[in-house]
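# Structural features, examined
In case you want the letters, here they are:
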Amino acid sequence: MKRIVLTGGGTAGHVTPNLALVPRLQSKGWEIHYIGTHDGIERELIGSELPYYPISAGKLRRYFDLKNLSDPLRVVKGIFDAYGHLRRIKPAVVFSKGGFVAVPVTLAAWLLRIPVILHESDLTPGLANKLCVPFAKVLCVNFPDSVQYLKGKASEKVVVTGTPIRAELLEGSREQGLKICGFSSGLPVLLVMGGSLGSAVLNQTIRDNLAELTRSYQIVHLCGTGNLAPEINNHRYFQLEYAREELPHLLAAADMVLSRAGANAIVELAALAKPNILVPLSRQASRGDQILNAASFARQGFSLVIQEEDLSGRTLIEHLALLQKERRRFVEAMQGSPINDGTGKIMALIEEAARRN
């Protein structure tokens with residue numbers, strides 16, 4: 001039986017595309033294993049679905065922190081951990097979705113001459129993928145413009161594939177979504193998504209302006225782990241820390257979406273043709289990748305964008321009104337776009353790498 005190791009972690013965005021690949025891999029007879037960290041979100045999301053192998057990993061930071069002195073040792077330990085797991089598993093190929101756990105796995109695979117396929121969702125490659133590219137066969141990307149952010153031989157490894165999209169997201173029931181939230185079909189539904197860890201600025205803005213917002217909208221709020229506000233009592237407001245099996249139904253019920261601009265999330269919104277407002281992470285809190293993602297989607301006519309420093313109750317209400325007024329224009333732009341499920345293209349690359357190994 002063909003074996004593959006999936007890796008990636010740190011945030012849900014580094015895990016969910018791997019999960020989207022699992023049913024297709026299984027249908028093609030692949031035996032699937034997962035390498036992640038001991039306590040990352042990837043372990044929680046994978047659960048008992050796949051054989052899971054934890055390794056040590058150090059976070060890769062672009063800023064000064066005392067942990068920068070010790071984390072390289074954790075990366076080295078992670079390489080030895082991953083090397084041992086890969087020797088025992090003997091996979092034909094490794095598919096990496098990025099995040100700091102990917103670095104030791106990619107290096108260990110390279111030492112064992114196991115081909116590695118990387119995937120980068122954002123317009124600009126993250127630090128982990130930049131470090132991994134020299135040791136990989138292919139770097140899959142969402143955006144054709146990503147190649148300009150890579151130099152030399154790294155740029156020659158780029159293949160535009162899109163992102164694997166979970167099939168179940170396309171199969172949600174609006175009626176079931178409304179039922180989950182206790183909503184009616186009378187008012188439009190706004191889905192608020194701050195990512196798996198939540199967004200403090202989105203949470204605060206929604207809750208500070210809840211009375212006014214719920215005059216016009218029913219709000220589903222995915223607020224992130226530990227961020228529930230049980231004291232809020234409003235029949236037009238439904239909150240969850242994180243949606244799993246409910247997510248397809250909540251997306252089906254949503255007329256509009258307010259979201260961060262993580263690449264996986266916005267590609268899924270485009271595939272579902274959901275009119276959306278994006279609030280990218282500021283450069284103070286990130287490397288600016290979400291700002292570029294959001295700008296690309298705005299240029300293509302898929303999204304409205306509010307920069308984090310401009311977000312307020314007033315700007316949000318104004319943008320929601322505009323989005324509702326011009327809903328058809330945004331839907332048609334997304335329906336006519338080339339953005340689609342990248343699973344098939346990535347599967348072809350995996351099969352090719354396995355044949356050549």
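Residues numbered from 1 in each chain as written. Predicted model: local features only at pLDDT ≥ 70, side-chain atom pairs only at ≥ 80, totals over all residues. Heavy atoms only, no water.

## Regarding the side chain of Arg260
Operational definition: Strands here are runs of E lasting at least two residues and helices are runs of H or I lasting at least four, both read from the DSSP assignment and numbered beginning at the N terminus. Whether a residue is buried, partly exposed or exposed follows from its accessible area with a 1.4 Å probe, protein chains only, as a fraction of its type maximum: under 20%, in between, or over 50%, in that order. Any N or O atom pair separated by 3.5 Å or less is treated as a polar contact, with the protein-specific requirement of one donor-capable and one acceptor-capable atom, and with residues adjacent in sequence counted only for side-chain atom pairs. Note on contacts: a residue pair qualifies if any of its non-hydrogen atoms lie within 4.5 Å across the two residues.
With respect to the secondary-structure elements, Arg260 resides in the loop between strand S11 (256-259) and helix H11 (263-272). In this structure Arg260 comes out as buried when scored by relative accessible area, which is 9%. In this structure the side chain of Arg260 is engaged in a polar contact, spanning 3.3 Å, whose partner is the side chain of Ser199. The contacts of Arg260, once residues within four sequence positions are left out, are Met193, Gly194, Ser199, Val201, Leu202, Ile266, Leu278, Val279, Pro280, Leu281, Gln290 and Glu308.

## Quick notes on the sheet that holds strand S9 (residues 218-222)
Going by this rule: At least two DSSP bridges between two strands are required for those strands to pair. Here, axes are lines fitted to C-alpha atoms. For helices the fit covers the stretch in contact, and angles between N-to-C directions go from 0 to 180 degrees.
Overall, parallel pairing links the six strands, which are arranged S10-S9-S8-S11-S12-S13 in an open sheet. Each end of this open sheet is capped by a strand with a single partner; those strands are strand S10 (237-240) and strand S13 (303-305). For this sheet, the mean angle separating the axes of adjacent strands, direction not counted, is 20°. By the bridge criterion, five bridges tie strand S8 (residues 189-193) to S9 in an arrangement that is parallel. Residue pairing in the sheet places Leu191 in a bridge with Val220 of S9. The strands touched by helix H12 (residues 289-299) within the sheet are strand S12 (276-278) and S13, with S13 carrying the most contacts at an inclination of about 130°.

## A look at the environment of Lys325
Residue position: Lys325 is located in helix H13 (residues 313-325). Separated by 230 residues in the primary sequence, Lys325 and Phe95 have C-alpha atoms spaced 42 Å apart.

## A word on the pattern of salt bridges
Short version of the rule: Salt bridge criterion: a side-chain nitrogen from Lys or Arg within 4 Å of a carboxyl oxygen from Asp or Glu.
Counted under the stated rule, the structure contains 10 salt bridges. We note a salt bridge from Asp255 to Arg174, for which the minimum N-O separation is 3.7 Å. With Asp255 in the loop between helix H10 (247-253) and S11 and Arg174 in helix H7 (residues 174-181), this pair connects stretches of sequence that are 81 residues apart. For Arg356, the salt bridge identified is with Glu352, shortest N-O distance 3.0 Å. Of this pair, Arg356 and Glu352 are both found in helix H15 (residues 343-356), four residues apart, which corresponds to roughly one turn of the helix. Classification of Arg356 as exposed rests on a relative accessible area of 71%.

## With respect to the packing of helix H1 (residues 16-27) against H15
Each packed pair of helices is defined by two parameters, the angle between the axes and the distance between the axes. Our working definition: For classification, angles of less than 35 degrees are called roughly parallel, those exceeding 145 degrees roughly antiparallel, those between 65 and 115 degrees roughly perpendicular, and all remaining angles oblique. Crossing handedness follows the turn of the near helix against the far one: under a right angle anticlockwise gives a left-handed crossing, and clockwise gives a right-handed one. Under the scheme applied, nonpolar residues are Ala, Val, Leu, Ile, Met, Phe, Trp, Tyr, Cys and Pro; charged residues are Asp, Glu, Lys and Arg; polar residues are all the others, including Gly.
Packing of H1 against H15 leaves a shortest axis separation of 11 Å and a crossing angle of 60°. Between H1 and H15, the crossing angle belongs to the class labelled oblique. Taken as a pair, H1 and H15 cross one another with a handedness that is right-handed. In this structure, H1 contributes Leu21, Arg24 and Leu25 to the contact, and H15 contributes Thr343, Gly344, Ile346, Met347 and Ile350. Grouping the amino acids of the contact of H1 with H15 by side-chain chemistry returns five nonpolar, two polar and one charged.

## Notes on the pairing of strand S6 (residues 138-141)
On a regular strand, one side chain projects to one face of the sheet and the next to the other, so that they alternate. Our working rule: A clockwise course of the path from the first strand over the helix to the second, judged with the strands pointing away from the viewer, identifies a crossover as right-handed.
On S6, burial covers both faces: Val138 and Cys140 on one face and Leu139 and Val141 on the other are all buried. Crossover handedness for the path strand S5 (residues 116-120) to helix H5 (residues 127-132) to S6: right-handed. Two strands pair when backbone bridges link them, and S6 and strand S7 (residues 158-160) are joined in this way by three bridges, in the parallel orientation. Along S7, the bridge assignment pairs Cys140 with Val159.

## Regarding the sheet that holds strand S3 (residues 52-55)
Read across the open sheet, the seven strands follow the order S3-S2-S1-S4-S5-S6-S7; overall the sheet is parallel. Each end of this open sheet is capped by a strand with a single partner; those strands are S3 and S7. Strand-to-strand twist in this sheet, taken as the mean axis angle between neighbours without regard to direction, amounts to 25°. Here strand S2 (residues 30-37) runs beside S3; their pairing, made up of four bridges, is parallel. Pairing of Gly36 across the sheet is with Pro54, part of S3. The sheet strands contacting H1 are strand S1 (2-7), S2 and strand S4 (93-96), and the helix crosses S2 at an angle near 160°.

## Some remarks on the packing of aromatic side chains
As a reminder of what qualifies: When the centres of two rings from Phe, Tyr and Trp lie within 6.5 Å, Trp using its six-membered ring, the rings pair. Their planes under 30 degrees apart give stacked, over 60 give edge-to-face, and anything left gives tilted.
Taken as a whole, this structure holds three aromatic pairs when the rule is applied. Note on Tyr34 and Tyr52: the rings are 6.0 Å apart at their centroids and 10° apart in plane angle, and the pair reads as stacked. Pair noted here: Tyr34 is in strand S2 and Tyr52 is in strand S3, with a separation of 18 residues, a long-range link. Take Tyr34 and Tyr52: they sit in the same class, and that class is buried.

## A few points about the environment of Glu308
By secondary structure assignment, the location of Glu308 is in the loop between S13 and H13. The spatial distance from the C-alpha of Glu308 to the C-alpha of Cys132 is 31 Å, given a sequence separation of 176 residues. Excluding anything up to four places from it in sequence, Glu308 contacts Val201, Arg260, Val279, Pro280, Leu281 and Ser282.

## Structural notes on H1
Listed as buried for H1 are Thr16, Pro17, Asn18, Leu19, Ala20, Leu21, Val22 and Leu25. Those residues of H1 that are buried are in contact with S1, S2, helix H2 (41-46), S4, H11 and H15. Remark: Gly29 follows H1 within two positions and exhibits a positive phi of approximately 85°.

## Some remarks on the environment of Lys97
Mapped onto the elements, Lys97 comes out in the loop between S4 and helix H4 (102-111). By relative accessible area, which is 2% here, Lys97 ends up buried. Expressed as a C-alpha distance, the spacing of Lys97 and Gln176, which sit 79 residues apart in the sequence, is 31 Å. When near neighbours in sequence (up to four residues on either side) are disregarded, Lys97 contacts Thr7, Gly8, Gly13, His14, Pro17, Asn18, His119, Glu120, Ser121 and Asn264. Among the polar contacts made by the side chain of Lys97, one reaches the side chain of His119 at a distance of 3.4 Å. A polar atom in the side chain of Lys97 sits 2.8 Å from the side chain of Ser121.

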